[in-house]
Amino acid sequence: MSLGIEHYLILSAVLFSIGLYGALAKRNAVAILMCIEIMLNAVNIAMVAFSRYLVPDVVMLTGHVFAIFIMTVAAAEAAVGLAIIIAIYRSRQSVDVEEMDLMKW
Amino acid sequence: MTTEIAFWILALVMVGAALGVVLLRDIFRAALLLVLCFFTVAGIYITLNADFLAAVQVLIYVGAIGILLMFAIMLTRNVQRGNPFNRLNGPALLLAFLIMIIIISVVAATDWPSITAVPQQAVGVAVDEPTTGHIAEALFSKDNGFVLPFEIASVLLLAALIGAVVLVRRKDKE
């Protein structure tokens, strides 16, 4: 059976679900950020798969452009997210999300 | 045929590595498996004729984000804690599983349409041709390019750079 868009979309769905499970179920804030990166990669796979298989034998590049923008935002998000985690670690000596309850009332 | 073999190997390694990221107790090993997962995503891009994106994936994700995550882990590591699950483990597993089942059933039930010609607005390249130059065309063309989002992305990166520096600067020396 030759490869089609379904293969890539199902792979993307599996990867997204693994990332979602990790992002919801982990206690370490860095692990949550890693799982969010997995989810963003899954979305990128779906984008590139659509741009490859929408027209047969032609690669449409709009999906690639979107993937590049997602990568840009993911890099910015990782830098700011890790800076926030390090700032929280400095003040509270912990990166456990269940202990981050400063804004809870 | 070789593309199919490559796809299946890459897909299996990718899903295994992603499961390792979620399930492993040692967060440093989880980060190394995440880097492996990023590498296999680059391989998947190559099977999709996206050569430029594969190179960008290796440069940005494996090179920059992987190293950044390892720095963050080493700066914040709690050796005795490890990488445990929180008390939402059961519901989260159920929710993720449900979403996966829904997406897969929708993908399987859809009869994917095939357009025969490239639409007016889009830039298309024949399969087996390099995409790098044409991505520049799609990004920067005057009529239907993405010049404004590109400029906004540069402002976003600058803001993220300044924000990260401000957030981790030591404030007790003032």
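Residues numbered from 1 in each chain as written. Chains lettered and ligands numbered in written order. Predicted model: local features only at pLDDT ≥ 70, side-chain atom pairs only at ≥ 80, totals over all residues. Heavy atoms only, no water.

(A) Summary view of a nonpolar patch on the surface. Residues and elements named next belong to chain B. A grouping of Met-1, Ile-5, Ile-9, Val-13, Leu-36 and Phe-39 is seen on the molecular surface, where their side chains present a nonpolar patch of about 580 Å² in accessible area. Elements supplying a minimum of two residues to the nonpolar patch: helix H1 (2-23) and helix H2 (27-47). When residues in the nonpolar patch are grouped by element, the largest group, three residues, is from H1. Looking at the element boundaries, Val-13 is found in helix H1. On the basis of relative accessible area, Val-13 is assigned to the partly exposed category, the value being 33%. (Patch = residues over 30% accessible without salt bridge, like charges linked within 9 Å, V, L, I, M, F, W, Y side chains within 5 Å. Areas by Shrake-Rupley, 256 points an atom, 1.4 Å probe, with all protein chains shown as cover. Salt bridge = Lys/Arg side-chain N within 4 Å of Asp/Glu carboxyl O. Helix = DSSP H or I, 4+ residues; strand = E, 2+ residues; numbered from the N terminus. Buried < 20%, exposed > 50% of the residue type's maximum accessible area, 1.4 Å probe, protein only.)

(B) Spotlight on the interface of chain A and chain B. Taken together, the 76 residues of chain A in the interface contact 90 residues of chain B. Of all residues in chain A, the largest losses of buried area upon contact with chain B belong to Tyr-21, Met-34 and Met-71 of chain A, amounting jointly to 10% of the total for that side. Applying the counting rule to chain A against chain B returns zero salt bridges. The tally of links from chain A across to chain B stands at eight residue pairs in polar contact (both at pLDDT 80 or more). Broken down by element, the side of chain A that touches chain B gets its largest block of residues, 24 residues, from helix H3 (residues 62-92) of chain A. Pairing geometry for strand E1 (residues 58-60) of chain A and strand E1 (residues 124-126) of chain B, over three bridges, is antiparallel. Paired with Val-58 of chain A across the strands is Ala-126 of chain B, a residue of E1 of chain B. (Contact = heavy atoms within 4.5 Å. Buried area = accessible area lost by both parts, 1.4 Å probe. Polar contact = N/O pair within 3.5 Å; in protein donor to acceptor, adjacent residues only side chain to side chain. Pairing = 2+ DSSP bridges.)

(C) How the structure looks around the packing of helix H1 (residues 5-25) of chain A against helix H2 (residues 29-53) of chain A. All names here are of chain A. Running from amino to carboxyl end, H1 crosses H2 at an angle of 165 degrees, the nearest separation of the two axes being 8 Å. Put simply, H1 runs roughly antiparallel to H2. Crossing of H1 over H2 shows left-handed handedness. Contact with H1, carried on its side by Ile-5, Tyr-8, Leu-9, Ser-12, Leu-15, Phe-16, Gly-19, Leu-20, Gly-22 and Ala-23, involves Ile-32, Cys-35, Ile-36, Ile-38, Met-39, Ala-42, Val-43, Ile-45, Ala-46, Ala-49, Phe-50 and Tyr-53 of H2 and no other residues of that element. (Axes fitted to C-alpha atoms, helices over the stretch in contact; angles between N-to-C directions. Parallel < 35°, antiparallel > 145°, perpendicular 65-115°, else oblique. Left-handed = near helix turned anticlockwise from the far one by under 90°.)

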